[in-house]
Amino acid sequence: MARVRVHNFNVSLDGYSAGETVTLDKPIGEAGALFARFDGRFIHGVDAVDAPITLDRALTSTWGQGIGAEIMGRGKFGPQTGEWTDEDWRGWWGDAPPFHTPVVVLTHHRRAPISFDNGTSFHFLDATPEDALAYAQDLAGDRDIRIGGGPTTVRQFLAADLVDFLHLVTVPVVLGAGVSMWDGLNGVQDRFTVESATSASGLTHQFWNRIGAD
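Anyway, here's the lowdown on the structure attached to this text. Just so you know, these numbers come straight off a predicted model, no measurement behind them.

What follows covers the overall build of the protein chain. Across its full length, the protein chain holds four helices and 11 strands. For the protein chain, whose C-alpha radius of gyration is 17 Å, the value lies close to the compact-globule estimate of 17 Å for 214 residues. Residues counted as buried form 48% of the 214 residues belonging to the protein chain. The long-range fraction of contacts in the protein chain, counting pairs at least 24 apart against all pairs at least 6 apart in sequence, stands at 64%. The protein chain carries 16 positive and 27 negative side-chain charges, and their two centres are separated by 2 Å.

Below, the structure is given as C-alpha cells:
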C-alpha cells in the first residue's frame with residue numbers, strides 16, 4: 001500500500017521549522033540557518049553529484065525514492081498570499097522544479113495547473129488534508145505521497161493522523177521565533193516508533209514510523 005512520507009524536514013532546537021514571514025528574498029523567512037548544512041543536489045541520489053558520500057547526503061537522497069506526488073502549502077510554492085495577482089509566477093525553482101512528479105499546492109485561491117517539461121506539474125487545490133491526499137493519490141497511482149511542507153502543512157497532516165513516515169532533522173541552532181513544528185500536537189509521538197542517528201556534522205536524524213503502518 002502506498003505510504004505518506006515526510007523527508008528532510010529541518011527543525012531547530014527550539015522547535016521552529018520556518019520563519020514567520022515569507023518574502024521573495026527570504027523563501028523561509030528568518031530561518032535560513034536551518035539550511036546552512038543542506039546540500040539539495042543530493043535529493044536525486046548520491047550518484048548524481050561528484051562529492052563524498054556522507055550520512056547526511058545519503059539520507060537526503062531518499063527524498064524522491066518511490067514518490068508519485070507531493071503535497072505542499074502555498075508558502076512553499078511562492079511568497080504571494082490572497083488572490084493570485086501574478087499568474088506568471090511558476091514557483092521558486094524557475095523552469096526546472098526538482099520534483100518530476102505532480103505537486104498539489106494547498107491554497108484557498110485556485111488557479112489553472114502549471115506543467116513543465118521535466119514531468120513536474122502544479123495543481124492548486126482548496127481542500128482538507130484528507131481530500132488533498134485522495135486527490136494526490138489519484139495523481140500518484142500506486143506510488144507514495146510526500147508531504148513537502150512547510151511546517152503548517154506537515155502539522156495538519158500529522159494532526160489528521162495521515163503521515164506514515166517522518167524524517168525529521170534537528171539542526172543545532174536556536175531561532176527564538178518562527179513557525180512551530182509542534183503546536184497542537186501533544187502526544188503525537190505515541191503514534192510512532194522513533195529511531196535516531198547523529199551525523200558528524202551535528203545533525204540529528206529522527207525516523208518516525210507510524211505504528212501499524214504497512
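From this point, things continue past the structure.
When the terminal C-alpha atoms of helix α3 (residues 129-140) are compared, their 16 Å separation across 12 residues agrees well with the 16 Å that a helix rising 1.5 Å per residue should span. Here the buried face of α3 lies against β1 (4-12), β3 (67-73), β4 (102-106), β6 (121-125), β7 (144-149) and α4 (151-159). Of the residues one or two after α3, G141 is the one with positive phi, at around 70°.

With that settled, the discussion passes to the sheet that holds β3. Strand order in this open sheet of nine strands is β5-β6-β4-β3-β7-β1-β8-β11-β10, and the pairing throughout is mixed. Of all strands in the sheet, those bounded by a partner on one side alone are β5 (114-115) and β10 (192-198). As paired elements, β1 and β7 share two bridges and run parallel to each other. Its bridge partner lying in β7, V4 is registered against I145. Set on the sheet, α3 makes contact with β1, β3, β4, β6 and β7; between it and β3 the angle comes to about 150°. Against the sheet, α4 touches β1, β3, β4, β7 and β10, its axis set at about 135° to β7.

Calculation criteria
Note on numbering: residues in each chain are counted from 1, in written sequence order. pLDDT decides what is reported in this predicted model: residues at 70 or higher carry local features, side-chain atom pairs at 80 or more are listed and counted, and totals for whole chains, interfaces and linings draw on all residues regardless. Hydrogens and waters are ignored; side-chain quantities use all the structure's heavy atoms. Helix numbers and strand numbers start at the N terminus; a helix is a DSSP run of H or I with at least 4 residues, a strand a run of E with at least 2. This radius of gyration counts C-alpha atoms alone. The globule rule is 2.2 Å times how many residues there are, raised to the power 0.38. Buried residues are those whose accessible area, probed at 1.4 Å on protein chains only, stays under 20% of the maximum for their type, while exposed residues exceed 50% and partly exposed ones sit between those limits. Any two residues having at least one pair of non-hydrogen atoms within 4.5 Å are treated as being in contact. When charges are counted, Lys and Arg contribute as positive and Asp and Glu as negative, whereas His and the chain ends are disregarded. Where a charge lies is defined by one atom per residue type: Lys uses NZ, Arg uses CZ, Asp uses CG and Glu uses CD. The length a helix should cover is 1.5 Å for every residue beyond the first. Two strands pair if DSSP finds at least two bridges between them. For helices, the fitted line uses only the C-alpha atoms of the stretch in contact; every axis is such a line through C-alpha atoms, and the angle between N-to-C directions lies from 0 to 180 degrees.

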